[in-house]
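Structural overview for review
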Amino acid sequence: MKKIKGRYQNKDRRVIDRKYMSYEDVPLQDYRDTEPMPKNLTKRFLKVFFILFLSVVLVLALMNIDNLTPDNISHWFQYDFLGKTEGNGYPVGFAGTNVSIQNFDLLDGVPAYCSDTSVVVLNSNAGEYQNSQHSFANPMMSVSSGYAIIYNIDATGFKVINREKTVYSGSTKNKIFSADVSSNGVYALLTHGNDYLANLTVYRNDNLEKYTYSFADYYVSKISLNKNGSRAVLSGVSAKNGGLISVIYVLDFSQDNYLEKYEFDDSYIYDVKFLNNGNAVAVGETAAHYINIDNNKKTDFSYDSRILTSYSLSSSYGMLLSLSNTPDGRECDAVMINADGKKTAEIKTEQQILSLDCRNNKIAVLFPNTTIVYDNDGKKLSTVKTSSDARKIKFVSDNSLYVLGKSRIFKTNIDY
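The sections below set out a description of the structure shown in this document. (Residues numbered from 1 in each chain as written. Predicted model: local features only at pLDDT ≥ 70, side-chain atom pairs only at ≥ 80, totals over all residues. Heavy atoms only, no water.)

Details of the overall build of the chain
Rule in force here: Counting from the N terminus, the helices are DSSP H or I runs at least four residues long and the strands are E runs at least two residues long. The cut-offs for exposure are 20% and 50% of the maximum accessible area for each residue type, with area from a 1.4 Å probe on protein chains only; residues under the lower value are buried, those over the upper are exposed, and the others partly exposed. Where accessible areas are quoted, they stem from the Shrake-Rupley method and a 1.4 Å probe; at the residue level, only the protein chains shown are allowed to cover.
In terms of regular secondary structure, the chain is built from three helices and 32 strands. Expressed as a percentage of its 416 residues, the buried residues of the chain come to 45%. When the accessible surface of the chain is summed, it comes to about 23,200 Å², and 49% of that surface belongs to carbon and sulfur atoms.

What about the sheet that holds strand β16 (residues 243-252)?
Operational definition: A pair of strands is treated as paired once DSSP finds two or more bridges between them. Here an axis means a line fitted to C-alpha atoms, over the contact stretch when the element is a helix, while the angle between two N-to-C directions is reported on a 0 to 180 degree scale.
Taken in spatial order, the four strands make up an open sheet running β14-β15-β16-β17, and their pairing is antiparallel. Strand pairing shows two members of the sheet lacking a second neighbour, β14 (219-225) and β17 (260-265), which therefore form its edges. If you compare each strand with its neighbour and ignore which way they point, the axes differ by 20° on average. Taken together, the six bridges between β16 and β17 define a ladder with antiparallel strand orientation. The residue bridging V250 from the neighbouring strand is E260, located in β17.

Here we look at the side chain of N338
Just so we agree on the cut-off: Contact definition: two residues touch when any of their heavy atoms are within 4.5 Å.
Secondary-structure assignment places N338 in the loop between β24 (332-337) and β25 (343-348). Ignoring sequence-local partners within four residues, the contact set of N338 consists of Y290, Y317, G318 and T344.

Some words on the environment of R408
Structurally, R408 can be placed in strand β32 (residues 408-413). Of the residues examined, R408 reaches a relative accessible area of 37% and is grouped as partly exposed. Setting aside its immediate chain neighbours within four residues, R408 contacts P91, V92, G93, F94 and V403.

A closer look at the pattern of salt bridges
This is how it is decided: Take a side-chain nitrogen of Lys or Arg and a carboxyl oxygen of Asp or Glu: if they are within 4 Å of each other, that pair is a salt bridge.
The final tally for this structure, using the stated rule, is twelve salt bridges. Put simply, R204 and D206 hold a salt bridge, and the shortest N to O gap is 2.5 Å. Judged by relative accessible area, R204 falls into the partly exposed class, the value being 37%. Look at D206 and you get partly exposed, because its relative accessible area is 38%. The salt bridge partner of K348 is D333, with a shortest N-O separation of 3.7 Å. Taken together, the positions of K348 in strand β25 and D333 in strand β24 put the pair 15 residues apart, joining distant regions of the chain. Using a relative accessible area of 2% as the deciding quantity, one classes D333 as buried.

With respect to unusual backbone geometry
Following Y90, the chain continues to P91 via a peptide bond in cis, the omega torsion being 5°. Mapped onto the fold, P91 is located in the loop between α3 (70-81) and β1 (92-93). Unusually for a residue other than glycine, N241 sits at a positive phi of about 55°. With respect to the secondary-structure elements, N241 resides in the loop between β15 (231-240) and β16.

Considerations on the pairing of β14
Of the strand pairs in this sheet, β14 and β15 are connected by six bridges, and their pairing is antiparallel. Note that in β15 the partner of L225 across the bridge is A232. Once β14 ends, the chain turns through five residues before running back antiparallel as β15, passing G229 with a positive phi of about 70°.

With respect to the side chain of S314
Heads up, the rule is: Polar contacts here mean pairs of N or O atoms no more than 3.5 Å apart (in protein, one a potential hydrogen donor and the other a potential acceptor; neighbouring residues in sequence count only if both atoms are side-chain atoms).
In this fold, S314 is placed in strand β22 (residues 307-314). Within the local environment of S314, its side chain forms a polar contact with the side chain of S316, the two groups lying 2.8 Å apart.

Some points on the sheet that holds strand β26 (residues 355-359)
Strand order in the open sheet made by the four strands is β26-β27-β28-β29, with antiparallel pairing throughout. For this open sheet the edge positions go to β26 and β29 (380-385), each flanked by a neighbour on one side alone. The mean angle between the axes of side-by-side strands here comes to 20°, regardless of whether they run parallel or antiparallel. Here strand β27 (residues 362-367) runs beside strand β28 (residues 370-374); their pairing, made up of five bridges, is antiparallel. Residue pairing in the sheet places A364 in a bridge with V373 of β28.

Observations concerning the environment of T349
Residue position: T349 is located in the loop between β25 and β26. Between the C-alpha atom of T349 and that of E331, which follows or precedes it by 18 residues, the distance is 6.5 Å. From its side chain, T349 meets the backbone oxygen of C332 in a polar contact 2.6 Å long.

Topic: the nonpolar core
Which entries qualify depends on this criterion: Here the nonpolar core consists of buried residues drawn from Ala, Val, Leu, Ile, Met, Phe, Trp, Tyr and Cys, with membership extended through side-chain atoms lying within 4.5 Å.
L200, F215 and L234 are the most contacted members of the largest nonpolar core, which has 21 residues in total. Put simply, the parts of the chain that give this core at least two residues each are β11 (187-191), β12 (198-203), β13 (209-215), β14, β15 and β16. Ranked by residues supplied to this core, first place goes to β16 with four residues. Residues within four places of L234 in sequence aside, it is in contact with L190, L200, F215, V220, K222, I223, V247, I248, Y249, L251 and V272.

Focus on the packing of aromatic side chains
So the rule is basically this: Aromatic pairing here means that ring centres of Phe, Tyr or Trp (its six-membered ring) are within 6.5 Å. Orientation follows from the plane angle: under 30 degrees is stacked, over 60 is edge-to-face, and everything else is tilted. Remark: a charge is flagged as sitting over a ring if the NZ atom of Lys or the CZ atom of Arg is within 6 Å of the ring centre and within 35 degrees of the ring normal.
Following the criterion strictly, the structure yields twelve aromatic pairs and no others. Relative to Y249, the ring of F215 has its centre 5.1 Å away and its plane inclined at 55°; by these criteria the two rings are tilted. Here F215 is found in strand β13, whereas its partner Y249 is found in strand β16, with 34 residues between them in sequence. Accessibility assignment for this pair places F215 and Y249 in one class, buried. Relative to Y258, the ring of Y249 lies with its centre 5.6 Å away and its plane at 65°, an arrangement referred to as edge-to-face. Each member of the aromatic cluster is reached from another via a ring pair, and the members are Y213, F215, Y218, Y249 and Y258. Stacked on the ring of Y416, the Lys or Arg K362 has its end atom at 5.7 Å from the ring centre.

This is the structure:
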């Protein structure tokens, strides 16, 4: 008994002499931190987070103030947030029997086209935002950011659309030469005149008349509006001393007379484009032209006896030209004149060029069966196989293209 008692006594002594104590010997209430977290710390954190979140939202809103309309907010909620009209993916056949290359473009970043029977806007997975029929015999479409105008050439009907609906549909008294729409919904119609060769009528985005101008000396047949619908660049043609003379007008809708006027002897102007930086470009029969509007200065870019076979004009990047060294339209050079009026690329391809587009200094060139992406120095960045019936390409991102075929629209990925 004493031996057992001594053993217990030794154990008790060892317990008392220990320098470190096990938590198993400490009551649960003593585990608590002697300095508890402040009760308002969570509230302060949420308050700081909320302020930072609102600051980011405010910055993004200011950067996109022109796009924050009720229609765009509603569209984002229905189609992007809720995923309406999902679609079955590309390629997708188009409505109607024919879509010209002029009537295929990107509307608010997604494919839009006007066929011989319908106006269709697709989402990124080939679902339909809208599909509306028209009765135009010669439809033509012009796109600017989130709006497009479709008009009947040499007739009177037209309609303005956004990505999801027809905004306005109407008709003119006289037959239409050309039309355009700005990124804020202002639109303009060039028509035949009763007492003049051509009349221009500009409408606000609420369809009320904003400005008119009449042309007595030239058949003006092409128009491009600037991004806020306050100015226009136009081109026309007339006869002079038995020859051809072309003209480019720059109009400011706050002035009664034209702002600038340029004439070209024996050269036809095919197309014009107002740039986002406030200047303009024009593609002609023998040369391309850059117009610095504020300085009233024109720069000409001669084709040097080469033949223009294709071109692309953009309010953001300027113009791309396909110039052939042979009469049959083959052995083409891809030439880029950027939005600052500088020739930044001249790429010898030795092939027939069908279509061109540019994004972030990457130039995509469509050849029969193949699309090649170049940098400005002519270095090949990627080669993509495309369908044999491909006719036009449009960058949707740095890594993908939409391709218009004869009966279908494709989406092609680019590997670098």
